[in-house]
Amino acid sequence: MNFDFSDEQKQLRDEARRFLDENCTTKEVRAILEGKDVYDRKLWKGLADLGLLGIAIPEEFGGAGAGRLELCIVAEEIGRALAPVPYSSTVYLASEILLRAGTDAQKKEWLPKIAKGEAIGALAFVEGPGNPTPGGMKASVSGGKLSGRKTLVADGGVADFAIVAARAGSGENTLSLYLVDLKGAGVTRANVETVDPTRNHAEITFANAPAALVGNEGEGWTLLTQALDRAAVLVAFEQIGGADRALYMARDYALDRMAFGRQIGSFQAIKHILADMYVSATLARSNAYYGAWALSTDAGELAEAAANARVSATQAFQLCAKQNNQVHGGMGFTWEADCHLFYRRSNLLALTLGSLSWWEDALIERMRKRNAA
Amino acid sequence: MNFDDTPQEAEFRKLARTWIEANRPDDLLAVLEALNPDGSKKASTADIVRVSKAWQKRKADGGWACLTWPKEYGGRAATPIQRVIWDQEEGAYGQLSQPFAIGQGMCGPTVMAYADEDTKRRLLPPLASGEDVWCQLFSEPAGGSDVAGLRTRAEKQDNGDWLINGQKIWTTGAHFCDYGIVITRNDPTVPKHKGLTMFWLDMKSPGVEVRPIKQASGHSGFNEVYFTNVRIPDSQRLGKVGDGWNVSITTLMNERFSIGARVATGVPEFFDFASSYRMPDGTLAIEDASVRARLATWASRSNGLKYTAYRAISALSRGERPGPENSIGKLVSAPMMQDIAMAALDLQGPEGARTIDGATPAAKLYQQLYHAIGMRIAGGTDEVMRNIIAERVLGLPADVRVDKDVPFNKIPTKGR
């Protein structure tokens, strides 16, 4: 058994971490938080130059041709750095959907641009409150033109194109995926404020926007849930990266901060908080590794492994981020301390791709399916 | 990243599998399960030990006992990863080895590290083959989490022997054990960690009295052990006089032997229960949103333990020491088992209060309600486990220890 990353993959992690440590400190994250720009363009360019945007894109489409395990490695570092860039939307969602379901022409048009940092992608599937259901999406396509409203699209305000879930007709099983050029006709965008302003979100209204089918007509729900499963593993890596950093930030503060003549980390009340954070982060890491194995081998276990990784990583990052605030006491509540950057990101990641309760439900359903088989 | 064996591992697995196929103790397992249908240990321990000894003897004769021990002490000189592979292949039959867990896992390695060669060759092979069962006599009424606060005295006699007086408690299996290792206080005038000495002893020595403790569940798995003028020759001392604390650390470090072992969490039992139990409106419990939410958390934590063990196994496979992440097992599983058991009763409304026997998922969960209380304490309480993680893994400062530099006999003993 070798349930771990290889030495080469660990080397990639070191390189990515070194680059992000230098180019994505919390100073850069705060610049986006405070509205100096909608995302960190310099960092995006740097990630492209390092080959990290196209890391899992085959060489024939301008990428590095590495596998999903390498992508998991990078995802953890993106999460650890709280990178204020549209990485997950572009790389885990748009690029992965095109790779699996796009036409050769669509791949040739968009994937090289993604790899070079010249195109940002997004996935548009949210229409109002509630987790996604196949019947809940009203956007529709008629004569190759898409109309409807997607109320919260991650990175929708900065993306060049979007994969949009919409109906090909009025019947059941007509949900399909479409590629829409967001700079083209019939697209109106308005940025939306969210719990984590370091990641752009927008509402997008489509009015007869030209739309090209991705995958087969009526295959939309299957493609969408598969894409969300695959992205859930990658976002789980972002979450364990964030959880790990929040844990050690709290640990370091507990070592530095004195009260009652002692390091606060010598009080069991604080130690036990930190131990529970460690436990949660460790379980989440192991579950994410299993998700990585399933993702990289396209295993039959992927759906269950993804939900398992997603539930575990969401709980771990939420716990570590909120308890990091708690260990920091009053300082944790200030704008000046970095704790809220982790708290914001943990809350955003807990909701994106469908919220925790949705994934909990999915995990049980998938366990039942396996047990019935 | 893969779950495949290396060629050497695959070869070893084949060897182990072939031997188990030819020697499978289905007969013994059937006896064990008949004695103990719900895993509650209600059955007479003598009967359980008898069937367990039969399997252990079969393994020892085939060269499959205490795999990682040197051959001259009854082992196979196997590597840690081979031990894990054996455990995987032994599977459910491993339940039969349970009475030997403490002796082979903790006492044996301590004897191996501190006894003289003759003693090792005499004591270890029958421990490996299951002919002798050993217990560990550490905890005392006044020293549970604070083991070093123990009071059992060891006084050196003119002829060089030691006279032992005092009381141990929570001693698992003492009522069927042949030998034990015991930690004592030889000098109460120095700080508590410095005046301790370790011995091995014959549990049938005059002056040793074992009294089973009736547990909250009504069963008895462990004991009080009283020592009244028990004479131990100096040749049975393990380690130097006054160095017993360091010797005990050797014993406790060997708790890591359980890597890769299946940890009971209650999750499979609850999954089975919720998949068959119907709510008053006729729907299955597992279709209830609140049940699903809680079960998802428990299942993912249980999965996390399994995959954490896989990471440790991978480290062993590379010949490395597993990292500290293995220290989380009991802290995750024991409180979770308690919550899960209570959740199963809760679903049944007032009827949940009814005692259930048997081998159904509901009955197993009922047993776990009590089993979990002990699990949260044994081998380090939840709180001690958190301290260990905080101090040894995260590097937080040790607790302020007000008795650290105080002679043991000057440490206050009354709370109020």
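Only a predicted model underlies this, so the values are computations on that prediction, with no experimental measurement involved.

Definitions and cut-offs
Residues numbered from 1 in each chain as written. Chains lettered and ligands numbered in written order. Predicted model: local features only at pLDDT ≥ 70, side-chain atom pairs only at ≥ 80, totals over all residues. Heavy atoms only, no water. Contact = heavy atoms within 4.5 Å. Buried area = accessible area lost by both parts, 1.4 Å probe. Salt bridge = Lys/Arg side-chain N within 4 Å of Asp/Glu carboxyl O. Polar contact = N/O pair within 3.5 Å; in protein donor to acceptor, adjacent residues only side chain to side chain. Buried < 20%, exposed > 50% of the residue type's maximum accessible area, 1.4 Å probe, protein only. Domains from an automatic or database assignment. Helix = DSSP H or I, 4+ residues; strand = E, 2+ residues; numbered from the N terminus.

Q: Talk me through the interface of chain A and chain B; I want residue IDs and the actual numbers.
A: Accessible area lost upon the coming together of the parts serves often as the stated size of an interface. Each partner contributes residues to the interface: chain A has 44 residues there, and chain B has 48 residues. Counting each side, the surface lost to burial between chain A and chain B is near 4,300 Å², with a carbon and sulfur contribution of 63%. Taking the shortest distance from any N to any O, the salt bridge between Arg-386 of chain B and Asp-276 of chain A comes out at 2.7 Å. Counting every contact that joins chain A to chain B gives 23 residue pairs in polar contact (both at pLDDT 80 or more).

Q: Just give me the short version of the pattern of salt bridges, but keep the residues and values in it.
A: Residues and elements named next belong to chain A. For the structure on display, the rule yields 53 salt bridges over all chains. The partner of Asp-4 in a salt bridge is Lys-10, with the nearest N and O atoms 3.0 Å apart. By relative accessible area, which is 13% here, Asp-4 ends up buried. You can call Lys-10 partly exposed: its relative accessible area is 23%. Of the charged contacts in the structure, one is a salt bridge between Arg-80 and Glu-76, with a shortest N-O distance of 3.2 Å.

Q: Residues and numbers for the domain arrangement of chain B, please.
A: Residues and elements named next belong to chain B. Its domain assignment divides chain B into domain 1 (7–132), domain 2 (135–243) and domain 3 (259–380). At the junction of the two partners, domain 1 supplies 19 residues and domain 2 supplies 12 residues. Across the interface of domain 1 and domain 2, roughly 1,300 Å² is buried in total on both sides, 72% from carbon and sulfur atoms. At the junction of domain 1 with domain 2, the criterion picks out zero salt bridges. Residue assignment for the side of domain 1 that touches domain 2 shows that the elements contributing at least two residues are helix 3 (45–61), helix 5 (101–114) and helix 6 (117–128). The biggest single contributor to the side of domain 1 that touches domain 2 is helix 5, with six residues.

Q: Give a detailed account of unusual backbone geometry, specifying residues and quantitative values.
A: All names here are of chain A. Despite not being glycine, Phe-260 has its phi angle at roughly 55°, a positive value. Here Phe-260 lies in the loop between strand 8 (258–259) and strand 9 (262–263). Relative accessible area serves as the criterion here: at 78%, Phe-260 is assigned to the exposed category.

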